[in-house]
Amino acid sequence: MTEGLSDLILNFKRDAVLQTVERRLGAGEDPLRVLDDCRRGMTLVGERFQEGDIFLAELILSAEIFKEAAAIIEPRLPRAKPGETRGRVLMGTLQGDIHELGKNIVATLLRAHGFEVHDLGVDVPPAAVVQKVKEFQPHVVGFSALITTAFHSMKEAVSLLEKSGLRDHVKIMVGGGVTTAKVRDYVGADFQTTDAIEGVAYCLKITGGK
Ligand code: B12
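Residues numbered from 1 in each chain as written. Predicted model: local features only at pLDDT ≥ 70, side-chain atom pairs only at ≥ 80, totals over all residues. Heavy atoms only, no water.

Student: Would you mind going over the overall build of the chain with me for this structure?
Tutor: Within the chain, the secondary structure is distributed over nine helices and five strands. In sequence order, the secondary structure elements of the chain are arranged as α-α-α-α-β-α-β-α-β-α-β-α-β-α. By the compact-globule yardstick of 17 Å for 210 residues, the chain fits well, its C-alpha radius of gyration being 17 Å. Across the 210 residues of the chain, 45% fall into the buried class. Of the roughly 10600 Å² of accessible surface on the chain, 53% is carried by carbon and sulfur atoms. (Helix = DSSP H or I, 4+ residues; strand = E, 2+ residues; numbered from the N terminus. Rg over C-alpha atoms; globule rule 2.2 N^0.38 Å. Buried < 20%, exposed > 50% of the residue type's maximum accessible area, 1.4 Å probe, protein only. Areas by Shrake-Rupley, 256 points an atom, 1.4 Å probe, with all protein chains shown as cover.)

Student: When you look at the packing of aromatic side chains in this model, what are you seeing that I'm missing?
Tutor: Any aromatic ring pair is given by two values, namely how distant the centres are and how the planes are angled relative to each other. On inspection of all chains with the given rule, the structure shows one aromatic pair. With a centroid separation of 4.2 Å and an interplanar angle of 0°, the aromatic rings of Phe191 and Tyr202 are classed as stacked. Remark: Tyr202 occurs in helix H9 (residues 196-206) and Phe191 occurs in strand E5 (residues 191-193); sequence separation between them is eleven residues. A cation over an aromatic ring shows up here: Lys155 above the ring of Tyr186, its NZ or CZ 4.6 Å from the ring centre. (Phe/Tyr/Trp six-rings, centres within 6.5 Å; stacked < 30°, edge-to-face > 60°. Lys NZ or Arg CZ within 6 Å of the ring centre and 35° of its normal.)

Student: What is the right way to read the coordination of the cobalt atom of the ligand from this model?
Tutor: Six octahedral donors at a metal ideally form angles of 90 or 180 degrees, and four tetrahedral donors ideally form angles of 109.5 degrees. Counting protein donors around the cobalt atom of the ligand gives one, His99 (NE2), at 2.3 Å. The residue His99 is located in the loop between strand E1 (87-93) and helix H5 (101-112) in this model. (Donors = N, O, S within 2.8 Å, 3.2 Å for Na, K, Ca; no water.)

Student: I'm lost on the sheet that holds strand E3 (residues 140-144) in this one. Help?
Tutor: As a general point, the strands of a sheet are linked pairwise by backbone hydrogen bonds and lie either parallel or antiparallel. In spatial order, the strands read E2-E1-E3-E4-E5; together these five strands make up an open sheet with parallel pairing. The open sheet terminates on both sides in strands that have one partner only, identified here as strand E2 (115-119) and E5. Here the average twist between neighbouring strands, direction ignored, is 20°. Here five bridges tie E3 to strand E4 (residues 171-175), and the two strands are oriented parallel to one another. Bridge pairing in E4 places Val140 opposite Lys171. The sheet contacts of H5 involve E1, E2 and E3, and relative to E2 the element is tilted by about 155°. (Pairing = 2+ DSSP bridges. Axes fitted to C-alpha atoms, helices over the stretch in contact; angles between N-to-C directions. Contact = heavy atoms within 4.5 Å.)

Student: When you look at the environment of Val117 in this model, what are you seeing that I'm missing?
Tutor: Checked against the element boundaries, Val117 lands in strand E2. Val117 sits 113 residues away from Gly4 along the chain, and the two C-alpha atoms are 33 Å apart. For Val117, the contacting residues outside a window of four places in its chain are Val89, Met91, Ala107, Leu110, Arg111 and Phe136.

Rendered as structure tokens:
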């Protein structure tokens, strides 16, 4: 069953993907597990793209299918109690990178855990991060990166935060498929993961939650 969903995404079978998602959620399966199977489907799509078996139009199609599936799954994720605020997190995908699906999932999960999240969007200039840190005063800044060109923008953002005297006021986490501990060190971030839930756990730790 697990294999089924990722393969359906890989084969761009939109209707079957959405039906399978509904069926598995209806059967009481953990929404996070269903979401992760969709994510694995996207990884397979990426591999086929890299091998030259599929083209950009199909990459775009897979992203649209993923978005529709995520829209069904997200309302089923656990929700924070109304009025509960654990802390503030600023999220964004920086200049040179327009991938947003992973970032959106992290933002949704953080909100579900009671965080106030400001999402800067994609292709964000490093200076815009500094401006928003001043206004929003987040506890954690989370950067999502799916292509290597974004590494320089993330490093630049951290450097600008240092120059503005704001670096010590925030923790910085980086995540997304292409990030590693080496990227964390290159960027000058505090934490790195490719797992959205680990990112949420880090934010909870920083803000003193469980
Ligand atoms: C979908 C997709 C696209 C879509 C994006 C649509 C959208 N609205 O986001 C489109 C078609 C636009 C696209 C464009 C391109 N893409 Co693309 N794309 C992908 C693909 C197939 C899936 C990415 C995805 O959304 N996965 C699903 C999400 C849910 O997973 P995720 O992002 O990894 O996020 C999870 C975790 O990583 C984590 N996470 C993510 N961010 C963060 C942040 C924090 C703080 C934390 C804690 C956690 C966290 O949480 C998520 C849930 O678990 C990947 C393949 C892959 N292996 O990832 C290629 C891939 C990323 N793309 C690639 C490329 C090359 C491109 C293009 C350059 C193609 C082109 N020739 O134009 C352009 C780049 C445009 C740009 N400037 O950004 C390469 C990058 C190679 C590299 N090393 O740099 C990849 C790896 C494909 C490949 N194997 O060649 N792409």
